[in-house]
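This is what each chain is made of:
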Amino acid sequence: MIEDEVALCETIVSYLEEEGYRCEHAGTVELGNEKVNLYEYDCMLVDIGLPDGNGLSLIKELKSCHPETGIIIISAKNSMDDKISGLDMGADDYLTKPFHLPELNSRIKSLLRRRKFDGKQELVIDKITILPESKQVLVGGEPLQLTRKEFDLLMFFVSNRGRMLTKESIAEHLWGDFADAADSFDFVYSHIKNLRRKLAEKAATDYFRNVYGTGYIFIE
Amino acid sequence: MKLQTKINIRFLAVTFLVFSVAGVLFYFALGRVVDQNIREMLKSRKAYIDLNLQQNQPFVDSSESPDHTIFIKRIYSSNKYRQFSDTLAYDEEEKELVPFRKLTFSVKSGDRYYEVILLQSLLESEDLQKIIFYFMTGLFLLVLSVLFFVNRWLSVKAWNPFFKSLSVLSLWKVGENKAINFDRTGISEFDQLNRTLEEMMRKIQSDFVNLKEFTENASHEIQTPLAIIKSKLELVLQDKTLNDQQNQRIHAAFESAIRLSKLNEALLLLSKIENQQFVEKAEIDFCQLIQSRVEYLEELFALKRIEVVVALNELAIFTINPLLAEILINNLLSNTLRHNVENGKVFISSGNQEITISNTGKLADIEASRLFQRFAKQTTSSESNGLGLAIAFEICKTNHLELNYSFSNGMHHFSIKPKS
């Protein structure tokens, strides 16, 4: 994790460590370069604006010594140029500040799945089996029909199993910039209701827990 | 009314008044002088006749001069008198009655008394008076028109620096960082005015820049602490030992932090647009852009049972920064969604190089000038930060597009077209 804001870095690291990742961080391009050259990482999060330079140079460096490492760029909003040049250099994903921690977590998971397992990994959660590549869901071996949004929602929850997902982070995951367009929390509610019902019909288990007024938790 | 017109009208009025009064006085004075002259003339003729009659007694009792201007008649009273009067007499040459001045007096010649009547035609002096009057009137008109043009020329010349300053002022815009330059006029009052203006404009300029920089820096600096607050709260929310009440309180703080962060982002974006920091421009197919955004939003429209009709029959391609184009359309579409009613309608059409996005809404006609102002919230909806349309407006302004609003048939219409 290359990020110069210590407090923000700590929060991200603490969230990710709870997921079982081992995290290291650097606050400058120089330190980042050192680490990139010394160790091999599964994933690198890079902030573009760093005190001693542009994070894009780190991407170039990393691509030359460890091309298999996944890269997620973190940058200020509305800087299209950074986004394009970063992705051109071989970054895998792009996240604009400020982001929700579950969103980052789900992006890292999806990136690692693609990188490490070629996307062919099966996710098995209790009776639910998810095939991320073909966007299929099996419950007890039987296929479950989900809409695209419902599938996204399920993946988001599964990536953040046992975590409390706020209504805001769910809305933003589903609709991005339009998250606050109109009554989107009602929409979040109705989507979750549908997903919950569909899963419960097949699996006879309610995986969702409602945290009153705040959000939802997906429990195995 | 223009300054010069006003000066000219006043000038003409005053001059006209002075000349008319002077003309009338002159006319009467001239009359007096001519009258005086005629009396003097009659008197001198009288003196001559007096002298002649006193020396030579006439042979006849009554006689008349050939030109009918002197009449002598013997009288039988010895009263001495002399009297001026006006009369009309037939003039041979003019063949009409003409005015005469008449002097009647008595003369003693030897032992006899005679009455003498002298006539002097007033025709010539009246003609003279007329000629002088016409001449003076002509002269007056000539002087007046010459004065008028000279005055106009002078005032144009004298006020020229003022009009130059005025045009510099009217072309000046606070946001533009152009050098302020007034020419030296050589007229101390105008130079002083220009110096004062220059000082004021510099001050306004620097205040404006300072304020803008401050807003920008403040927004920028607020961003990071806000992101930290948000993520820390998010982390706290993961704590499973929290009870519902604690959870809700933290969530409320989290919500507000998100709102603040979004607001701040919008303000930053606005100042970036105003500062023209989005330089790169491309030809953007708005129809395609709108189509893709509408598809993305389909679900949100459907959940609110809003009917969306897209009739983009004509291509609309505008030159604009790609990111700003997307923000513009996002904001306008969000707007149709946010302020719409359940079972409402959205109609998007194109034609004549113009794109119109129309929607039904909770409110009736809104004042257009207020609509595009910052924080001009029509509702107290907490989801809206009141900057969406201000941003859309600013994007259009800086990309040579026009964003117009109108209300008809119960629908709000927002249209985008290139600035003419």
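Note that the coordinates shown come from a computational prediction; the quantities given were computed from them, not determined experimentally. (Residues numbered from 1 in each chain as written. Chains lettered and ligands numbered in written order. Predicted model: local features only at pLDDT ≥ 70, side-chain atom pairs only at ≥ 80, totals over all residues.)

Quick look at the overall build of chain A
Here comes step 1: Scanning chain A for helices and strands turns up eight helices and 12 strands.
Here comes step 2: Taking the contacts inside chain A whose residues are at least 6 apart along the sequence as the reference set, 55% of them involve residues at least 24 apart. (Helix = DSSP H or I, 4+ residues; strand = E, 2+ residues; numbered from the N terminus. Contact = placed C-beta atoms within 7 Å.)

A word on helix α4 (residues 244-274) of chain B
Along an α-helix, residues three or four apart share an orientation, since each turn contains 3.6 residues.
Here comes step 1: A rise of 1.5 Å per residue sets the reference length of α4 of chain B, with its 31 residues, at 45 Å; its end C-alpha atoms lie 45 Å apart and thus fit the reference within 8%.
Here comes step 2: If you check which residues of α4 of chain B are buried, you get Asn 247, His 251, Phe 254, Ala 257, Ile 258, Glu 265, Ala 266, Leu 267, Leu 268, Leu 269, Leu 270 and Ile 273 of chain B.
Here comes step 3: Tucked into the core, α4 of chain B has its buried residues touching β10 (164-166), α7 (167-175) and β11 (208-211) of chain A together with α3 (188-237), α6 (322-338) and α8 (388-398) of chain B. (Expected span 1.5 Å × (residues − 1). Buried ≥ 20, exposed ≤ 12 C-beta atoms within 10 Å, placed from the backbone.)

Points about the interface of chain A and chain B
Here comes step 1: Each partner contributes to the interface: chain A provides 33 residues, whereas chain B provides 35 residues.
Here comes step 2: Taken together, the elements giving at least two residues each to the side of chain A that touches chain B come down to α1 (6-18), β10, α7 and α8 (184-203) of chain A.
Here comes step 3: Broken down by element, the side of chain A that touches chain B gets its largest block of residues, six residues, from α1 of chain A.
Here comes step 4: Along the lines of polarity and charge, the residues of the side of chain A that touches chain B split into 15 nonpolar, nine polar and nine charged. (Nonpolar A, V, L, I, M, F, W, Y, C, P; charged D, E, K, R; others polar.)

Quick word on unusual backbone geometry
Here comes step 1: In this structure, Pro 98 of chain A follows Lys 97 of chain A across a cis peptide bond, with omega equal to -10 degrees.
Here comes step 2: Even without being glycine, Lys 135 of chain A reaches a positive phi, approximately 55 degrees.
Here comes step 3: Along the chain, Lys 135 of chain A falls in the loop between β7 (128-131) and β8 (136-139).
Here comes step 4: Although it is not a glycine, Arg 305 of chain B sits at a positive phi angle of roughly 50 degrees.
Here comes step 5: For Arg 305 of chain B, the location among the structural elements is in the loop between α5 (286-303) and β7 (307-311).
Here comes step 6: The exposure class of Arg 305 of chain B is exposed, given the 11 C-beta atoms found within 10 Å.

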